[in-house]
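For reference, the chains in residue letters:
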Amino acid sequence: MRDNHMEFTRPRGTRDFLPEEVRKRRKVEGIIRDTFEKFGFEEVVTPTFESLELITAKSGDEIREGLYHFKDKSDRDLALRPELTAPVMRLYVNEMQKRPKPVKVYYFANCFRYERSQAGRYREFYQAGVESIGSANPEADAEVIALAVEALKNLGLENFKIHIGHIGILRGILEEESVSEAEQNALMGIIDKGEKSQIENALLKFSSDTRDYLKKIIELQGKPGDVLKEASGIVKNSDEKITELEETLELLESFGVKDYEINLGIARGLDYYTGIVFEIYAEGLGAQNQVCGGGNYALTETFGGQKTATSGFAFGFDRIMLALEAQDALQEGDGDVEYLVVSTSNALLKKAIEISAKIRENHACEVDLMRRKLGKALAYADTSGIPFVVIVGEEELKKDKVLIRDMKSGEQKEVSIKDLK
Ligand code: AMP
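Just so it is clear, the structure is predicted and the values come from calculations on it, not from any experiment. (Residues numbered from 1 in each chain as written. Predicted model: local features only at pLDDT ≥ 70, side-chain atom pairs only at ≥ 80, totals over all residues. Heavy atoms only, no water.)

Here we take up the site of the ligand. Surveying the vicinity of the ligand reveals 16 residues, the closest of which are Arg113, Glu115, Tyr122, Arg268 and Gln290. Here an oxygen atom of the ligand and a side-chain polar atom of Arg113 are 2.8 Å apart. Interatomic distance of 2.7 Å between a backbone N/O atom of Gln290 and an oxygen atom of the ligand. Calculation on the ligand without its partners gives an accessible area of 490 Å², and the protein chains cover 93% of this total. (Near = heavy atom within 4 Å. Polar contact = N/O pair within 3.5 Å; in protein donor to acceptor, adjacent residues only side chain to side chain. Areas by Shrake-Rupley, 256 points an atom, 1.4 Å probe, with all protein chains shown as cover.)

By size, the foremost hydrophobic cluster in this structure holds 101 residues, and its most contacted members are Phe36, Ile164, Ile280, Phe313 and Phe315. Broken down by element, the residue count for this core peaks at nine residues, all from helix H5 (residues 138–154). (Core = buried A, V, L, I, M, F, W, Y, C linked by side-chain atoms within 4.5 Å. Buried < 20%, exposed > 50% of the residue type's maximum accessible area, 1.4 Å probe, protein only. Helix = DSSP H or I, 4+ residues; strand = E, 2+ residues; numbered from the N terminus.)

Moving on to helix H4 (residues 85–96). Of all 12 residues making up H4, nine are buried, and the element is well covered by its neighbours. Turning to H4, its buried residues number three or more, namely Thr85, Ala86, Pro87, Val88, Met89, Leu91, Tyr92, Val93 and Met96. Contacts made by the buried residues of H4 are with strand E2 (49–51), helix H2 (52–56), strand E5 (103–112), strand E6 (124–133), strand E11 (290–297) and strand E12 (310–316). (Contact = heavy atoms within 4.5 Å.)

Our focus in this paragraph is the state of the cysteines. Following the criterion strictly, the structure yields zero disulfides and no others. Counting only cysteine sulfurs, Cys292 is the nearest neighbor of Cys111, a cysteine outside any disulfide, at a range of 13 Å. Classification of Cys111 as buried rests on a relative accessible area of 0%. (Disulfide = S-S within 2.5 Å.)

Tallied over the entire structure, the rule returns 27 salt bridges. Across the pair Asp75 and Lys71 runs a salt bridge, and its minimum N-O distance is 4.0 Å. Lys71 gets classed as partly exposed once you look at its relative accessible area, which sits at 46%. One salt bridge in this structure joins Lys398 and Glu395, with 3.5 Å as the shortest N-O distance. Here Lys398 and its partner Glu395 are both found in helix H15 (residues 394–398), three residues apart, which amounts to about one turn of the helix. (Salt bridge = Lys/Arg side-chain N within 4 Å of Asp/Glu carboxyl O.)

Glancing now at the sheet that holds E2. Ordered in space as E2-E4-E3, the three strands form an open sheet in which the pairing is antiparallel. At either margin of the open sheet sits one strand with a lone partner, and together these are E2 and strand E3 (69–71). Adjacent strand axes in the sheet meet at a mean angle of 35°, parallel and antiparallel pairs treated alike. Relative to strand E4 (residues 77–80), E2 runs antiparallel, the two being bridged by three bridges. If you follow Phe49 over to E4, its bridge partner there is Leu80. (Pairing = 2+ DSSP bridges. Axes fitted to C-alpha atoms, helices over the stretch in contact; angles between N-to-C directions.)

Going through the model one piece at a time under the given rule, you end up with 13 aromatic pairs. Relative to Tyr106, the ring of Phe36 lies with its centre 5.3 Å away and its plane at 65°, an arrangement referred to as edge-to-face. Pair noted here: Phe36 is in helix H1 (residues 19–38) and Tyr106 is in strand E5, with a separation of 70 residues, a long-range link. Taken as a pair, Phe36 and Tyr106 share a single burial class, namely buried. An angle of 70° between the planes, with centres 4.9 Å apart, marks the rings of Phe108 and Phe317 as edge-to-face. Taken together, the residues span a long stretch of sequence, with Phe108 in strand E5 and Phe317 in helix H12 (residues 317–326) at a distance of 209 residues. You can call Phe108 buried: its relative accessible area is 13%. These aromatic residues form a ring-pair network of at least three members: Phe36, Tyr106, Phe278, Phe313 and Phe315. Between Arg25 and the ring centre of Tyr126, over which it is positioned, the NZ or CZ distance is 5.3 Å. The ring of Tyr380 has Arg372 lying over it, and the distance from NZ or CZ to the ring centre is 4.1 Å. (Phe/Tyr/Trp six-rings, centres within 6.5 Å; stacked < 30°, edge-to-face > 60°. Lys NZ or Arg CZ within 6 Å of the ring centre and 35° of its normal.)

As a further point, take the side chain of Arg81. Take Arg81: it is sitting in the loop between E4 and H4. Here Arg81 occupies a buried position and makes no salt bridge, while the nearest side chain of opposite charge, Glu50, is found at 6.5 Å. Among the polar contacts made by the side chain of Arg81, one reaches the main-chain carbonyl oxygen of Pro47 at a distance of 3.1 Å. A polar contact is formed between the side chain of Arg81 and the backbone oxygen of Asn110, at a distance of 2.7 Å. With residues up to four places along the chain from it excluded, the contact list for Arg81 reads Thr46, Pro47, Thr48, Phe49, Ile55, Ala109, Asn110, Cys111 and Phe112. (Lys, Arg positive; Asp, Glu negative; His and termini not counted.)

Time to look at the environment of Gly233. Structurally, Gly233 can be placed in helix H10 (residues 224–234). In the structure, Gly233 is positioned 124 residues away from Ala357 in sequence and 73 Å away in space, judged by C-alpha atoms.

Take the pairing of strand E7 (residues 160–166) next. Burial runs high along E7: six of the seven residues are buried. Here seven bridges tie E7 to strand E10 (residues 273–282), and the two strands are oriented antiparallel to one another. In the strand pairing of E10, Lys161 is matched with Tyr281. Two elements, E7 and strand E9 (residues 261–263), share two bridges in a ladder whose sense is parallel. Its bridge partner lying in E9, Ile164 is registered against Ile262.

In this section: the sheet that holds strand E13 (residues 339–343). As summarised here, the arrangement of the five strands in space is E14-E13-E15-E16-E17, forming an open sheet in which the pairing is mixed. Every other strand in the sheet has two partners, leaving strand E14 (365–367) and strand E17 (412–416) as the edge strands with one partner each. Going from strand to strand, the sheet's axes swing by 25° on average, the running direction of each strand aside. Across the face of the sheet, helix H14 (residues 374–384) comes into contact with E13, E14, strand E15 (388–392) and strand E16 (401–406) while running at roughly 170° to E13.

Next comes the structure, spelled out in structure tokens:
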């Protein structure tokens, strides 16, 4: 006979998550959602794929190169979402423009990018993010940054760095140099990647004065007081942007965020960013240490809506998990099952199932499906971390009772079936 069994492996860059891992991920996810909701953000859900045009509208070369793009059977060009800001802004423009402002929404979803897979960089990964829509005031930007920091603190993440900049400053200089938007975007992509030699190369086309000027801005980084003073000295015709940055930072302090650096070299890899931008890096992750990126952007008009102030961020959820793990902040934890119901003979199986149904009204409860002998069932409860075993035996049933064994202490007591709750 021909052996036609095949072994399948996961596609490169994807992962399976076993129950223990999912348990941890859900816990972290819950804390993030909770924090978002405490700030008044509400969840939205958008499709896994969108029209290719929407995704490529203002996304940046890196994203475009990594798209999972396909045609459906009606020859439509579609793409798996590489991020959620564009889809969420499409949703906002289509359905939510008339709502009172601000409109504050969040998402938690998987994204797809065909990238060179490595630790912390996957082809399917998860983002948790927010979009704050409708307020052009600095407090809206400050709130978004404060929310990102608050969520990481609530997770118990300790060693992370916050960098804040203003992409309008670099773009403003390029505009004055009459650099086209497409070229600006390409340059921002290169600056975002952060490879020094590539940046040097890209800047060669400018006069040496402009080159020095741009380099100074890109490298301007440090504690707010010093850097802002220095920036005011260097940056020409950008007073307004420096003031915007200062105002946002002052308000950020009122939100309780005081420990951050200014980094005017933050360029972000996506074309839609316009104003204040920020990134958060976590320790212990090697090269892929950016766990959060966000800022001010403009997409509503691109999608046919009214001009609206928007800012937001995306957490790289997988990297947050890695950072928490590196910091040993994730406890293994047991599953949710509290009771295992086991009968001492197969004749009592039906009774055991009935009892498990009653317990399940209030507790997570398993009934033994393996027809194990009592000793084996207790061993199973032990290794599975189930704290109580309900033993359904002949003698006790005669009195309408069962035995409940506390796995930790080993104590057993008789309980009336009617008292089980
Ligand atoms: P971006 O949408 O590129 O601004 O990315 C936002 C965040 O998503 C980044 O800060 C990363 O933490 C995370 N991220 C981006 N690409 C990947 C990837 N391929 N694998 C895992 N996380 C990613």
